[in-house]
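Commentary on secondary and tertiary structure
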Amino acid sequence: MSYIPAFLALALGTGLHARSPSYKPGDRVDVDVIMAGAPERRMWKPGIVKSLDAAVREVIILTDAATDNGGRTIGIPMQSAGQWIRPSSSPRPAPPTQAPARQSGSAVSAAPPESSSNAEPQGILNCPVDQPKVAAGSRPNSQRLAEVIRCLFEVRGQSRAERSIEVDIRSIEIGTSRACVPREDFECGTPRHTIFPALVRWTKTDYYTNSIQWSDNESVFNCFVNPFGQWQCGLGRRIRDGQIQNRPR
């Protein structure tokens, strides 16, 4: 008979008899969509438990389409369910209305963003944008942050031969503020700085001489007031980088 050390037996026993989450398919829950390591960084979205995947030990959650940009499926490890899942008091969303049937012969095809439907960019900002001074720790205005984030990428080419970049921010959600972590947050300044994470869904369109390329993305940007009293943002985390699409210009 092989010998199993007591500490190993205890560990195996704990794993075998570990409780499964007290959730079942159909339960209304809130899920932290970025699975943050610290409570103050969490971004809760309502949804339902779709299934429990015993093979990979995950709780599969489908978020509500109306509050999470069309909804998505997220797998949360069962051992972390108590940290990133909680019962939700939000009502179930109303069933979607049925869209009218398409006429016979109509085709569905991907198209570039509305603001980029022409061969030339329509709304590139003159960056950097002018900002009124604000006090450190002030809660940001979403429109102001949108402009600052756009200016991280937008470029106006001097001619058609030079690349232009346009950013269309489809939605921005400002999260709960937290203290800066200098070794983790790029260009956040000092620990005294207050960071506001912003969950942004955005489309980046590149105009080349003979083509237009675009992608739909979802990212978390970290924003704070710099020593000059202006908002400054940096890319904190990529959640989803969309597939690059293109068409002739």
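Structure first, text after, so check above.
Keep in mind that this is a model prediction, so the values were computed, not measured.

Three or more residues of helix H3 (residues 142-150) are buried, namely Leu145, Ala146, Glu147, Val148, Ile149 and Arg150. Check the buried side of H3 and you find it contacts strand E6 (164-174), strand E8 (194-207), strand E9 (211-225) and strand E10 (231-241). Sitting at the head of H3, Asn141 places a side-chain oxygen 2.8 Å from the backbone nitrogen of Gln143.

This part covers the pairing of E8. Of all 14 residues in E8, twelve are buried; the element is thus mostly enclosed. As judged from the ten bridges shared by E6 and E8, these two strands associate in the antiparallel manner. Across the sheet, residue Ile169 finds its bridge partner in E8, namely Trp202. With two bridges connecting them, strand E7 (residues 178-179) and E8 associate as antiparallel partners. From the neighbouring strand, Arg178 faces E8, where its bridge partner is Ile195.

Backbone-to-backbone hydrogen bonds pair the strands of a sheet. The strands run either parallel or antiparallel. Strand order in the open sheet formed by five strands is E4-E3-E2-E1-E5, and the pairing between neighbours is antiparallel. Each end of this open sheet is capped by a strand with a single partner; those strands are strand E4 (73-77) and strand E5 (85-87). Averaged over all neighbouring strand pairs, the angle between strand axes comes to 45°, with direction disregarded. The pairing of strand E2 (residues 44-53) with strand E3 (residues 58-63) spans six bridges and is antiparallel. In the sheet register, Ile48 faces E3, and the bridge partner there is Leu62.

Pairing is possible between side chains of opposite charge, provided their charged atoms come close. Under the defined criterion, the tally for this structure stands at eleven salt bridges. Among the ionic pairs, Lys24 bridges to Asp27, the shortest N-O distance being 3.1 Å. Two residues, Glu154 and Arg150, come together in a salt bridge whose shortest N-O distance is 3.0 Å. No difference in accessibility class separates Glu154 from Arg150, as the two residues are buried.

Looking now at the state of the cysteines. Under the defined criterion, the tally for this structure stands at two disulfides. Covalently, Cys127 is tied to Cys151 through a disulfide, its sulfur atoms 2.0 Å apart. Residues Cys127 and Cys151 are joined by a disulfide whose S-S torsion is about -80°; by sign, that bridge is left-handed. In this pair, Cys127 sits in the loop between E5 and H3 while Cys151 sits in the loop between H3 and E6, placing the two residues 24 residues apart along the sequence. Disulfide pairing is shown between Cys223 and Cys233; the S-S distance is 2.2 Å. A torsion of 110° about the S-S bond marks the disulfide between Cys223 and Cys233 as right-handed. Here the residue Cys223 occupies a position in strand E9, and Cys233 occupies one in strand E10, the gap between them amounting to ten residues. Both residues of the pair, Cys223 and Cys233, belong to the buried class.

What counts, and where the lines are drawn
Residues numbered from 1 in each chain as written. Predicted model: local features only at pLDDT ≥ 70, side-chain atom pairs only at ≥ 80, totals over all residues. Heavy atoms only, no water. Buried < 20%, exposed > 50% of the residue type's maximum accessible area, 1.4 Å probe, protein only. Helix = DSSP H or I, 4+ residues; strand = E, 2+ residues; numbered from the N terminus. Contact = heavy atoms within 4.5 Å. Polar contact = N/O pair within 3.5 Å; in protein donor to acceptor, adjacent residues only side chain to side chain. Pairing = 2+ DSSP bridges. Axes fitted to C-alpha atoms, helices over the stretch in contact; angles between N-to-C directions. Salt bridge = Lys/Arg side-chain N within 4 Å of Asp/Glu carboxyl O. Disulfide = S-S within 2.5 Å.

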